[in-house]
Each structure stands twice: as C-alpha cells, then as structure tokens.
Amino acid sequence: VELSCIIKSTVTPDPRIEWKKIRNGETSYVFFDNKMQGDFVTRAEILSRTSLVIKNTTRMDTATYRCEVAAPSDTKTIDEINIQLTVQ
C-alpha cells in the first residue's frame, strides 16, 4: 500500500518528514530521523521523499498514519495529514 504525503511547495531546502502510526490510542514512529523504525525496517520504504510504501500489509497495519512535515524556513513551519488505513 502507498500512503502519500505531498508537499506542494516549500522554501526550506530539506524539510523534516516523519510518519507515525496511531493505533488504539498509542502512537509509534514509522519513519523518524530519516530511517524506518520497528517492524517497518524490513517491509517499508519512502518513495519520492514523502510517500510511505508498506509491503505485505496485514490487519495489524490497520491504523491512522500521520505524516508530519517541518519546514522552518516557510511561513507555515509545520503541517500534517492523517490517513486512515483499513486492511480487510
């Protein structure tokens, strides 16, 4: 599955991008400090600097995924998007 976090425009040369997984009220990192975290290390990757691709998804991947972008040089320094993923 591919979850997209599209950055339309930014003047910050290298904005910080983080992906988090929120499930049952608990938040965990998926992509932090420019690398995959936890069990996503072996089955996920970042495409085009912003899109999260999760391979071999299971029902355990059902959650809300939050993409957070921090661009300190921009007028809006931080923004986020939440994507609800449901694996049947």
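Look above for the structure.
Figured I'd write up the structure that's included with this text. (Residues numbered from 1 in each chain as written. Predicted model: local features only at pLDDT ≥ 70, side-chain atom pairs only at ≥ 80, totals over all residues. Heavy atoms only, no water.)

Details of the sheet that holds strand β1 (residues 2-3)
Heads up, the condition is: By definition, two strands form a pair when at least two bridges between them are found by DSSP. A run of H or I in DSSP counts as a helix once it spans at least four residues, and a run of E counts as a strand once it spans at least two, with each numbered from the N terminus.
Read from one edge to the other, the open sheet built from three strands follows the order β1-β6-β5, with strand pairing classed as antiparallel. Two strands close off the open sheet at either side, each with one partner strand: β1 and β5 (44-47). Pairing of β1 with strand β6 (residues 51-54) involves two bridges; the strand directions are antiparallel. From the neighbouring strand, Leu3 faces β6, where its bridge partner is Leu52.

Notes on the pairing of strand β2 (residues 16-23)
Our working definition: The cut-offs for exposure are 20% and 50% of the maximum accessible area for each residue type, with area from a 1.4 Å probe on protein chains only; residues under the lower value are buried, those over the upper are exposed, and the others partly exposed.
Counting buried positions along β2 gives six out of eight residues, so the element sits mostly inside the fold. Alignment of β2 against strand β7 (residues 63-70), held across seven bridges, turns out to be antiparallel. Bridged to Trp19 within β7 is Cys67. Examined bridge by bridge, β2 and strand β3 (residues 26-32) share five bridges and lie antiparallel to one another. The partner of Ile22 across the bridge, within β3, is Thr27. Between β2 and β3, which pair antiparallel and follow one another directly, the connecting turn spans two residues, one of which, Asn24, has a positive phi of 55°.

Thoughts on the sheet that holds strand β8 (residues 78-85)
The strand order across the open sheet built from five strands is β4-β3-β2-β7-β8, with neighbouring strands paired in antiparallel fashion. A strand with exactly one partner marks an edge of an open sheet, and here the two such strands are β4 (35-36) and β8. Pairing of β3 with β4 involves two bridges; the strand directions are antiparallel. Bridging from a neighbouring strand, Phe32 pairs with Lys35 of β4.

So, the pattern of salt bridges
Heads up, the condition is: Salt bridges are defined as contacts in which a side-chain nitrogen from Lys or Arg sits within 4 Å of a carboxyl oxygen from Asp or Glu.
Scanning the model with the defined rule gives eight salt bridges in all. The shortest N-O distance in the salt bridge between Arg43 and Asp39 comes to 3.2 Å. Given a relative accessible area of 14%, Arg43 falls into the buried group. Here Arg66 makes a salt bridge to Glu80, at a shortest N to O gap of 3.6 Å. Of the two residues, Arg66 sits in strand β7 while Glu80 sits in strand β8, which places them 14 residues apart along the sequence. Residue Glu80 is classed as partly exposed on the basis of its relative accessible area of 45%. Here the salt bridges do not stand alone but share partners, grouping Lys20, Arg66, Glu68 and Glu80 into one network.

The values reported here are purely geometric and, on their own, carry no functional implication.
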